[in-house]
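The primary structure of each chain is shown beneath.
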Amino acid sequence: MGFELIAWVALRDAEGRVLLARREGTGRGDGLWNLPGGHVEDGEASAVAAARETGEEVRAVLDPSSLRHVGVQRFDLPYPTGRARGFNFFFEATAWEGELTPGEATSELAWFALDALPEDILPWLPAAIMAHLLEGRFWVESVG
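Residues numbered from 1 in each chain as written. Predicted model: local features only at pLDDT ≥ 70, side-chain atom pairs only at ≥ 80, totals over all residues. Heavy atoms only, no water.

**Comments concerning the packing of aromatic side chains**
By convention here, two paired aromatic rings are described through the distance between centres and the angle between planes. Within the structure shown, the criterion is met by 6 aromatic pairs. Here the aromatic rings of Phe 3 and Phe 87 are separated by 5.7 Å at their centres, their planes lie at 65°, and the arrangement is edge-to-face. In this pair, Phe 3 sits in strand E1 (residues 3-11) while Phe 87 sits in strand E6 (residues 82-93), placing the two residues 84 residues apart along the sequence. Relative to Phe 112, the ring of Trp 33 has its centre 5.2 Å away and its plane inclined at 70°; by these criteria the two rings are edge-to-face. Separated by 79 residues along the polypeptide, Trp 33 in strand E3 (residues 33-34) and Phe 112 in strand E7 (residues 106-112) bring together distant segments of the chain. (Phe/Tyr/Trp six-rings, centres within 6.5 Å; stacked < 30°, edge-to-face > 60°. Helix = DSSP H or I, 4+ residues; strand = E, 2+ residues; numbered from the N terminus.)

Structure, rendered in structure tokens:
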């Protein structure tokens, strides 16, 4: 698999809940809940990638300069297709334009309280949400 840079966005509503999207057709974690996000393209800033991917997956229109960078996670994790290695960049947004609806690689959307995340979520994501959104830790390493 190579080295990956991934940008994620935690869309937060007025109640502090986070929007999760059920993955579909990605080949990794299909059927599980996840934050909207995806690969940073060559030459692309991580905030620009986060806004672009969120638009593609949940139809939110985001201004990359308004995203709050809340964390970085180094990952080195096994998947059925091989090990995934790289860095996750986490951003937070409380304002966006457009109607939130499932888009690319997404079958449904739902809001969840940070202390009541669904059981069928990407296995590493609850710890990342806890570290970056609840505990305010910027740097996390997940190797295993």
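Further notes follow.
**A few points about the nonpolar core**
One recurring pattern in soluble globular proteins: nonpolar side chains tend to sit buried together. Counting 21 residues, the largest nonpolar core has Leu 20, Leu 35, Phe 90, Trp 124 and Leu 125 as its most contacted members. Contributing elements (two or more residues each) for this core: E1, strand E2 (18-23), strand E5 (68-79), E6 and helix H2 (125-134). Top contributing element to this core by residue count: H2, with 4 residues. Ignoring sequence-local partners within four residues, the contact set of Trp 124 consists of Trp 8, Gln 73, Leu 77, Tyr 79, Asn 88 and Phe 90. The next biggest cluster of nonpolar side chains, apart from the first, holds 18 residues, and it includes Leu 19, Ala 49, Leu 67 and Phe 89. (Core = buried A, V, L, I, M, F, W, Y, C linked by side-chain atoms within 4.5 Å. Buried < 20%, exposed > 50% of the residue type's maximum accessible area, 1.4 Å probe, protein only. Contact = heavy atoms within 4.5 Å.)

**So, helix H1 (residues 46-58)**
The terminal C-alpha atoms of H1 lie 18 Å apart, and with 13 residues this matches the ideal 18 Å at 1.5 Å per residue to within 8%. Among all positions in H1, only Ala 47, Ala 49, Ala 50, Ala 51, Glu 53, Thr 54, Gly 55, Glu 57 and Val 58 are buried. At its buried positions, H1 is contacted by E1, E2, strand E4 (37-39), E6 and E7. The first or second residue beyond H1 is Arg 59, which carries a positive phi of 65°. (Expected span 1.5 Å × (residues − 1).)

**Side note on the pattern of salt bridges**
Scanning the model with the defined rule gives 15 salt bridges in all. Between Arg 22 and Glu 108 there is a salt bridge; the shortest N-O distance is 2.7 Å. Within this pair, whereas Arg 22 is found in strand E2, its partner Glu 108 is found in strand E7, the two being separated by 86 residues in sequence. Given a relative accessible area of 17%, Arg 22 falls into the buried group. When the shortest N-O distance is used, the salt bridge between Glu 56 and Arg 52 registers 3.3 Å. (Salt bridge = Lys/Arg side-chain N within 4 Å of Asp/Glu carboxyl O.)

**A look at empty space enclosed by the protein**
Counted under the stated rule, the structure contains 1 cavity of 30 Å³ or more. Among the secondary structure elements, those contributing two or more residues to the lining of the largest cavity are E6 and H2. Sorting elements by how many residues they give to the lining of the largest cavity places H2 first, with 4 residues. Class assignment for the residues of the lining of the largest cavity results in 8 nonpolar, 1 polar and no charged. (1 Å grid on protein atoms, 1.4 Å probe; cavity = no way out; pocket = protein on both sides within 12 Å on 5 of 7 lines; lining within 4 Å. Points joined across faces, edges and corners; volume = space filled by probe spheres on them. Nonpolar A, V, L, I, M, F, W, Y, C, P; charged D, E, K, R; others polar.)

**Observations regarding the layout of surface pockets**
In this structure, the largest pocket encloses a volume near 470 Å³. What lines the largest pocket is a set of 26 residues, among which Trp 8, Arg 23, Thr 26, Gly 38 and His 39 lie closest to the centre. Contributing elements (two or more residues each) for the lining of the largest pocket: E1, E2, E4, H1, E5 and E6. Looking at the lining of the largest pocket residue by residue, the class counts come to 11 nonpolar, 7 polar and 8 charged.

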